[in-house]
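Overview (structure and organization)
In case you want the letters, here they are:
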Amino acid sequence: MDVRTTDGTPPSAPQGWPIVLTELGVTTDELPDGLVVADEHGLVLCFNAAAARITALDPADVIGRPIEQALPLEDLDGRRWWQLTDPYAGLATRTGQPERNLLLPGGREVLVSAKYVRDHPTGPVRRLVVAVRGTEARRRTERSHAELIATVAHELRSPLTSVKGFTATLLAKWERFTEDQKKLMLETVHADANRVTRLIAELLDISRIDSGRLEVRRQPVDIGAAVRRHVDALVAAGQPADRFTVRVAEALPSLWADPDKVDQILGNLLENAVRHGEGTVTIDVSAAPSSAVAPREPEWSGTAVTVSDEGPGIPEESMNRVFTRFWRGSKRGGTGLGLYIVKGIVEAHGGTITVGRAPGKGAQFRFTLPVGAPAFTA
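My aim in this report is to walk through the structure given alongside it, one point at a time.

Rules used throughout
- Residues numbered from 1 in each chain as written.
- Predicted model: local features only at pLDDT ≥ 70, side-chain atom pairs only at ≥ 80, totals over all residues.
- Heavy atoms only, no water.
- Helix = DSSP H or I, 4+ residues; strand = E, 2+ residues; numbered from the N terminus.
- Buried < 20%, exposed > 50% of the residue type's maximum accessible area, 1.4 Å probe, protein only.
- Contact = heavy atoms within 4.5 Å.
- Core = buried A, V, L, I, M, F, W, Y, C linked by side-chain atoms within 4.5 Å.
- Pairing = 2+ DSSP bridges.
- Axes fitted to C-alpha atoms, helices over the stretch in contact; angles between N-to-C directions.
- Parallel < 35°, antiparallel > 145°, perpendicular 65-115°, else oblique.
- Left-handed = near helix turned anticlockwise from the far one by under 90°.
- Nonpolar A, V, L, I, M, F, W, Y, C, P; charged D, E, K, R; others polar.

1. What to know about the overall build of the chain
A count of helices and strands for the chain gives nine helices and 15 strands. Per-residue burial over the chain gives 38% buried out of 378 residues. Relative to all contacts within the chain whose residues are 6 or more apart in sequence, the contacts with residues 24 or more apart total 59%.

This is the structure in structure tokens:
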């Protein structure tokens, strides 16, 4: 890319600040990452606003100075980076330096990469272009990965310990147990194996959501029947039938969605309402206005499902964290991944999901899915 000063001439001295990227008509201050450019003598020509913010250095103190003095970087072992890399006197075949963690005076950590600009492949360095980035985003990602590993290890340890213990006991003392005792232990093993299977499925879903590879296989879905099926399953599992109120509007548009994914959404929201909420759990199914689903496509309409309970609800300060990884509304178990996955599934369908307070002061989740049929049916 052609880098020139504001008067259109190539920069060769500190007066080339600010620099304009003439091909795009933007200044270096509009770049999201820090940019530092030094000339063939190692004097800093450019030090943009992002570089100043990331390094906490004043451009006025940097422009015109030798880069090794203006930006005194060290690696994590305390070695001076400019002496190690020697961009101007080192091997003439080098084209730059890959990104790595370096330290500024005071211990401020930054991510730095460099490009050596030469007139021809083995010629002297005419420009040294250095990119500087903060480490906050990478640290957040690393913390998220560490939390995920810790959560998986914790959630796997308990059921696998149970499975190992019961199977070892059965193998060693099979003849000593009654049929009822054997059945109870095998049922426990079966339940714990299902728990491990669900956790693995959650991890796969997270991987697909994060990489944008979550597949949605759309079919006609009777959302009212799906809601009733989940309620019946909860009642069969021991919940009182009068704890649930299901209201399904009569005139619903045809919903095309992935039935398995819809079941996953409903199962998670209803289980959360039963486990963390109190009183009556109300499920409302209704048609949604087109603006609630696809404001850019006014011809679309949507189907909305609202799940409300009468429990303590979600604190106002936690509302914006409900759909993040590892958020738990209480200490009643769970991985804290379910609502993150629910949001990913809803958005993969082109829908939206929100959380708020129910009329009875409990929690209220509302998701809306577009109902337009796939193009191949047109």
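2. Description of unusual backbone geometry
In this structure, Ala56 takes a positive phi of about 65° despite not being glycine. Looking at the secondary structure, you find Ala56 in the loop between helix H1 (49–55) and helix H2 (59–62). For Asp86, which is not glycine, the phi dihedral falls at a positive 45°. Mapped onto the elements, Asp86 comes out in the loop between helix H4 (81–85) and strand E6 (96–103).

3. Notes on the nonpolar core
Counting residues in each nonpolar core, the largest one holds 45 residues, and the members touching the most others are Leu266, Ile283, Val305, Val307, Phe365 and Phe367. No other element matches the seven residues that helix H8 (residues 259–276) contributes to this core. Residues contacting Val307, with those up to four places away along its chain left out, are Leu269, Leu270, Ala273, Val281, Thr282, Ile283, Ala363, Gln364 and Phe365.

4. A few points about the sheet that holds strand E14 (residues 352–357)
The strand order across the open sheet formed by five strands is E10-E12-E13-E15-E14, and the pairing between neighbours is mixed. Of all the strands in the sheet, the pair left with one neighbour each is strand E10 (244–248) and E14. Strand after strand, the sheet turns through a mean of 15° between neighbouring axes, direction not considered. Alignment of strand E12 (residues 281–288) against strand E13 (residues 302–308), held across seven bridges, turns out to be antiparallel. Counted as the bridge partner of Ala287 is Thr303 from E13. Strands E10, E12, E13 and strand E15 (363–370) of the sheet are contacted by H8, whose axis makes an angle of about 170° with E15.

5. A short note on the sheet that holds E6
In spatial order, the strands read E5-E4-E8-E7-E6; together these five strands make up an open sheet with antiparallel pairing. The open sheet terminates on both sides in strands that have one partner only, identified here as strand E5 (44–47) and E6. Direction aside, neighbouring strands of the sheet carry axes that sit 20° apart on average.

6. Some details on the packing of helix H7 (residues 223–236) against H8
Between H7 and H8, whose axes approach to 10 Å, the crossing angle comes to 45°. The pairing of H7 with H8 is recorded here as oblique in orientation. When you trace H7 past H8, the crossing you get is right-handed. On the side of H7, the interface is formed by Ile223, Ala226, Val227, Arg229, His230 and Leu234, while H8 contributes Val262, Asp263, Leu266, Gly267, Leu270 and Val274. Counted by class, the contact of H7 with H8 contains eight nonpolar, two polar and two charged residues.

7. Quick word on the pairing of strand E8 (residues 125–134)
Sheet topology note: the strand E4 (residues 34–38)/E8 ladder contains five bridges and is antiparallel. Counted as the bridge partner of Gly34 is Val132 from E8. Direction of pairing for strand E7 (residues 109–118) relative to E8: antiparallel, over a ladder of nine bridges. When the bridges of E8 are listed, Tyr116 appears paired with Leu128. Hairpin connection between E7 and E8: a loop of six residues separates the two successive antiparallel strands.

8. Some remarks on the environment of Leu45
Its place among the elements puts Leu45 in strand E5. For Leu45, a relative accessible area of 0% corresponds to the buried category. When the C-alpha positions of Leu45 and Val129 are compared, they lie 10.0 Å apart, and in sequence the two are 84 residues distant.

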